[in-house]
Amino acid sequence: MASSSSRGEMEKMGIDQLKALKEQADLEVNLLQDSLNNIRTATVRLDAAAAALNDLSLRPQGKKMLVPLTASLYVPGTLDEADKVLVDIGTGYFIEKTMDDGKDYCQRKIHLLKSNFDQLFEVAAKKKSVADEAGMVLQAKVKQLTAATTS
């Protein structure tokens, strides 16, 4: 909830200022929601990558398998060295790591993303409460204004 001091400040604002505040807070909430969705998507992808690394580590050397080149294109291949993997670190850069280091990298990234998600979620909740509070104050002012003009 918004603090009582911010509600007091909102009650001192004019209708136009309250509308602008509410629109700005709503816009920020929408942007934060988009960021939360992006973090959620990245976390799911990293979870899938960690599961794939775990599955890959259990396969014997020389095992035939399909290797993904793109999301929809796979080519046949043979597992040569299961103890070394290429890790995509972003912007087209890959690093060769051991299987354990690759798993550790995925787990660290997942932990970082979950931490960022929790922080953003708190900020989004605060912004949402500010937007809701501004909406309630705005409604009260509009009712008060219409009551005063009809009297």
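Residues numbered from 1 in each chain as written. Predicted model: local features only at pLDDT ≥ 70, side-chain atom pairs only at ≥ 80, totals over all residues. Heavy atoms only, no water.

Student: Residues and numbers for the pattern of salt bridges, please.
Tutor: Under the counting rule described, the total for this entry stands at seven salt bridges. Close ionic contact of Asp104 with Arg108 constitutes a salt bridge, the shortest N to O distance being 3.1 Å. Residue Asp104 and its partner Arg108 are both found in helix α3 (residues 99-150); the two are separated by four residues, about one turn of the helix. Judged by its relative accessible area of 39%, Asp104 is partly exposed. Residue classification places Arg108 among the partly exposed positions, given a relative accessible area of 47%. Note that Lys128 is salt-bridged to Asp132, the shortest N-O span being 3.1 Å. One end of the pair, Lys128, and the other, Asp132, are both in helix α3, four residues apart, so they sit about a helical turn from each other. Among the charged side chains, a network of salt bridges with common partners joins Glu81, Lys84 and Glu96. (Salt bridge = Lys/Arg side-chain N within 4 Å of Asp/Glu carboxyl O. Helix = DSSP H or I, 4+ residues; strand = E, 2+ residues; numbered from the N terminus. Buried < 20%, exposed > 50% of the residue type's maximum accessible area, 1.4 Å probe, protein only.)

Student: Help me get a handle on the packing of helix α2 (residues 15-58) against α3, residues and values and all.
Tutor: Close contact between α2 and α3 brings their axes to 7 Å; oriented N to C, the two are set at 160°. Classed by the angle they form, the pair α2 and α3 counts as roughly antiparallel. Pair α2 / α3 crosses with left-handed handedness. Looking at the contact of α2 with α3 residue by residue, the class counts come to 30 nonpolar, eight polar and twelve charged. (Axes fitted to C-alpha atoms, helices over the stretch in contact; angles between N-to-C directions. Parallel < 35°, antiparallel > 145°, perpendicular 65-115°, else oblique. Left-handed = near helix turned anticlockwise from the far one by under 90°. Nonpolar A, V, L, I, M, F, W, Y, C, P; charged D, E, K, R; others polar.)

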